[in-house]
Amino acid sequence: MTQNTDPASNLAVVKDEIAKAAEAAGRDPSGIHLVAVSKVHQADTILPVLEAGHRLFGENRVQEAESKWPALRETFPDLTLHLIGPLQSNKVKDAVAVFDVIETVDRPKIARALATEFERTGRSLPCYVQVNTGEEPQKAGVAPADVEDFVGECRDELGLDIQGLMCIPPIDEEPALHFALLSDIADRCGLGIKSMGMSADYEKAIALGATHVRVGTAIFGERPPRD
Ligand SMILES: *Cc1c(COP(=O)(O)O)cnc(C)c1O
């Protein structure tokens, strides 16, 4: 893992490693999108990555995104921001205003709240369903066995534009098993987008079909503690 403190050169290294992993897997690198996870980092750390031409970012907290991204968007209006953390119903309105893609649709209540907000604002965002591949009780996400029904409900009853699935494997298990499971479920549901893989394991995720890898530490360095 890169530990350089220069985010722009780390970005170049990660992009290079993504291209190599794609090639090793016989995949077209243009089918793999790097979501640069900038949570906790301040705008001055994020700026060099924007200035290097990168436009796809992920944040896990609505309020934090609201405090950083509107100003950055004024300078870089073509950027895309993904919500990759849990969404509470009382934050749906703010999330729809600040994000471009919601990766963490994980229960009917949130799906309904999103559908209502999309209807109200006319701003309808692509969504992914978060899958709890490890069936961990403390972790968000739909159980693997319920994904197909949940996706159907989101699409057919609520009109959500569900484009893919995302997962965060259990920290103490081999991630490849979880990536393979997510990939299978997505294929079964006819969903093209597979958001999986982080700094420590994105090459494995690419080998197993990831279309979006979410990489923070390898680009921005170790995260400072939240205060
Ligand atoms: C923080 C985070 C990441 C990035 O993790 P790194 O190990 O720093 O690359 C990816 N996905 C989610 C959901 C996260 O919260």
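Anyway, here's the lowdown on the structure attached to this text. Just so it is clear, the structure is predicted and the values come from calculations on it, not from any experiment.

**A few points about the packing of helix α2 (residues 43-51) against helix α3 (residues 62-75)**
One way to put it is that α2 packs onto α3 with a least axis distance of 11 Å and a crossing angle of 35°. Pair α2 / α3 crosses with right-handed handedness. Here Ala43, Ile46, Leu47 and Leu50 of α2 come into contact with α3, specifically with Lys68, Trp69 and Leu72.

**Structural notes on the layout of surface pockets**
What the largest pocket holds in volume is close to 620 Å³. Together, 26 residues line the largest pocket, and Lys39, Ile168, Met198, Arg214 and Arg223 are the ones closest to its centre. Across the lining of the largest pocket, the residue classes break down as 13 nonpolar, seven polar and six charged.

**A look at the site of the ligand**
Taken together, Val37, Lys39, Ile84, Ile168, Met198, Ser199, Arg214, Val215, Gly216, Thr217 and Arg223 make up the full set of residues near the ligand. When isolated, the ligand has an accessible area of 390 Å², and the protein chains bury 88% of it. The cavity where the ligand resides is the largest pocket. Each residue belonging to the shell around the ligand can be placed in one class, and the counts come to five nonpolar, three polar and three charged.

Thresholds applied
- Residues numbered from 1 in each chain as written.
- Predicted model: local features only at pLDDT ≥ 70, side-chain atom pairs only at ≥ 80, totals over all residues.
- Heavy atoms only, no water.
- Axes fitted to C-alpha atoms, helices over the stretch in contact; angles between N-to-C directions.
- Helix = DSSP H or I, 4+ residues; strand = E, 2+ residues; numbered from the N terminus.
- Left-handed = near helix turned anticlockwise from the far one by under 90°.
- Contact = heavy atoms within 4.5 Å.
- 1 Å grid on protein atoms, 1.4 Å probe; cavity = no way out; pocket = protein on both sides within 12 Å on 5 of 7 lines; lining within 4 Å.
- Points joined across faces, edges and corners; volume = space filled by probe spheres on them.
- Nonpolar A, V, L, I, M, F, W, Y, C, P; charged D, E, K, R; others polar.
- Near = heavy atom within 4 Å.
- Areas by Shrake-Rupley, 256 points an atom, 1.4 Å probe, with all protein chains shown as cover.
- Sits in = over half its atoms within 2 Å of the grid points.

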